[in-house]
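Next come the chains, spelled out residue by residue.
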Amino acid sequence: PKKAVAAAGREEDLGEASKMVGKNSSDADKARGVGNPSYLRSAWVILVCILWVPLTGIPAMLAILLTPFLGLSQCQRITWRCATVFFKLVLWSSGCPYTVEGLEQLDPNGSYFFACNHESLWDVPLVFAAVPFWLISIAKKSLRLVPVFGWAVAAGGTVWIDRKNHAADMKSMKIAEESLRKRPRSVLIFPEGTRTADGNLQPFKKGGFVLAIQAGIPVVPLCVCGTYDVVIKGGRRFWLKKQQVRPRPLKLYVGKPIETEHMTYDDRDKLSDTVKAQVAAMKQKWHDSEDKCENLVVESFWNCFVPTPNANIKTWWGRVTCSSSKALQ
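Residues numbered from 1 in each chain as written. Predicted model: local features only at pLDDT ≥ 70, side-chain atom pairs only at ≥ 80, totals over all residues. Heavy atoms only, no water.

### Points about a nonpolar patch on the surface
The test is simple: Distance thresholds for patches are 9 Å for like charges and 5 Å for nonpolar side chains (Val, Leu, Ile, Met, Phe, Trp, Tyr), applied to residues having over 30% relative accessible area and no salt bridge. Here the accessible surface of atoms and residues is derived via Shrake-Rupley with a 1.4 Å probe, and residues count as covered only by protein chains that are part of the display. The working definition used for a salt bridge is a side-chain nitrogen of Lys or Arg within 4 Å of a carboxyl oxygen of Asp or Glu. Numbering of helices and strands starts at the N terminus; helices are DSSP runs of H or I of at least 4 residues and strands are runs of E of at least 2. The classification of residues rests on relative accessible area computed with a 1.4 Å probe and restricted to protein chains. Under 20% of the type maximum is buried, over 50% is exposed, and intermediate values are partly exposed.
A cluster of nonpolar side chains, contributed by I58, L62 and L65, occupies part of the molecular surface with about 300 Å² of accessible area. Position of L62 among the secondary structure elements: in helix α3 (residues 39-62). Residue classification places L62 among the partly exposed positions, given a relative accessible area of 48%.

### Details of the pairing of strand β1 (residues 98-101)
Threshold: The criterion for strand pairing is that DSSP finds at least two bridges linking the strands in question.
Side chains Y98 and V100 of β1 all project onto a buried face; the interleaved residues T99 and E101 project onto the opposite face, where all are buried too. Two elements, β1 and strand β7 (residues 250-254), share four bridges in a ladder whose sense is parallel. Its bridge partner lying in β7, V100 is registered against L252.

### Some points on the confidence of the model for the chain
Which entries qualify depends on this criterion: The predictor rates its confidence in each residue with pLDDT, a number between 0 and 100. The criterion used for residue contact is that any of the two residues' heavy atoms lie within 4.5 Å.
Of all residues in the chain, 76% have pLDDT values of 70 or greater, and the mean over the chain is 80. Long-range and interchain partners of residues 2-26, a stretch whose pLDDT sits below 50, account for 33 contacts in this model, where long-range means more than four residues apart.

### Things to note about the packing of helix α5 (residues 72-93) against helix α6 (residues 123-130)
Here is the rule: To define axes, lines are fitted to C-alpha atoms, for helices over the stretch in contact only, and angles between the resulting N-to-C directions are given on a 0 to 180 degree scale. For classification purposes, an angle smaller than 35 degrees is called roughly parallel, one larger than 145 roughly antiparallel, one from 65 to 115 roughly perpendicular, and anything else oblique. In this scheme the crossing of two helices becomes right-handed for a clockwise turn of the near helix relative to the far one and left-handed for an anticlockwise turn of less than a right angle. Each residue is assigned to one of three groups, with Ala, Val, Leu, Ile, Met, Phe, Trp, Tyr, Cys and Pro labelled nonpolar, Asp, Glu, Lys and Arg labelled charged, and all others, Gly among them, labelled polar.
Viewed as axis vectors pointing N to C, α5 and α6 meet at an angle of 120 degrees, and their least axial separation amounts to 8 Å. As far as their axial angle goes, α6 and α5 are oblique. Helix-helix and strand crossings are classified by hand; for α5 and α6 the assignment is left-handed. Within the contact between the two elements, α5 uses W80, A83, T84, F87, K88, V90 and L91 and α6 uses V124, P125, L126, F128 and A129. The residue inventory of the contact of α5 with α6, partitioned by class, reads ten nonpolar, one polar and one charged.

Structure follows, in structure tokens:
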């Protein structure tokens, strides 16, 4: 009986979430036929993933064999490049054009902790495709068990967390801190810990911010917009119409970096609140904006293999726009 009640509650949550998809959609999207759930589109995305996981994952893993010749950092950069190609292909196959705003606030040669809201499975592809920085991520331990994909992610230097083992978490964070101090690179974190079920921001966890403070790396708030509508949480059941892949324009907002060099462990709550406030402001800016990027076109297949340009390039295939709002700075 308890399982039946839980299942019923789950279906009710998914029903409410599916309603939100329509609520978040713009009339312009519907007018030009963009965003209709499609079994064919969903099958195409799955097929592309099945094909390209080994085609990008195996080279990513084999790159580690070159460590004695190129060094660990260069080999993990190759792994990151392979990941970027794969995630761009996910956006291409799902019919999601994208743009990014605010990159000019970042130093192209710097390293950052990118703290992002978590709305969909499409968040990671959008961030990896749009952010021109060598990225590693903090991910749950179970992901590394996924054949090829998980192994390739591990080869890239991912920091693993075990939600059921606090002691193991602390050990992983300590190792990550030492590694980041020796070889600075950018880290992607999702402070909410899991995807939102209703499109609203959830409470932020502090672990990633503590690591940023300990490593002395600035934190950059990110806000993904539009990804919630692509596949709602629970969308692994692609045979249900309300959980089909739904193409729509996506946008990534980049906030102003927050320095952590002089912060201590006691500043973690303040840092978390500051980041969440910036993310909320960017999210509100998207909802208030009349421009929902309807004029964007899907990136071509061949452009998926082109490295993302540096952050100081203001125009790249129409993808990058400068921040116009001083309120976010």
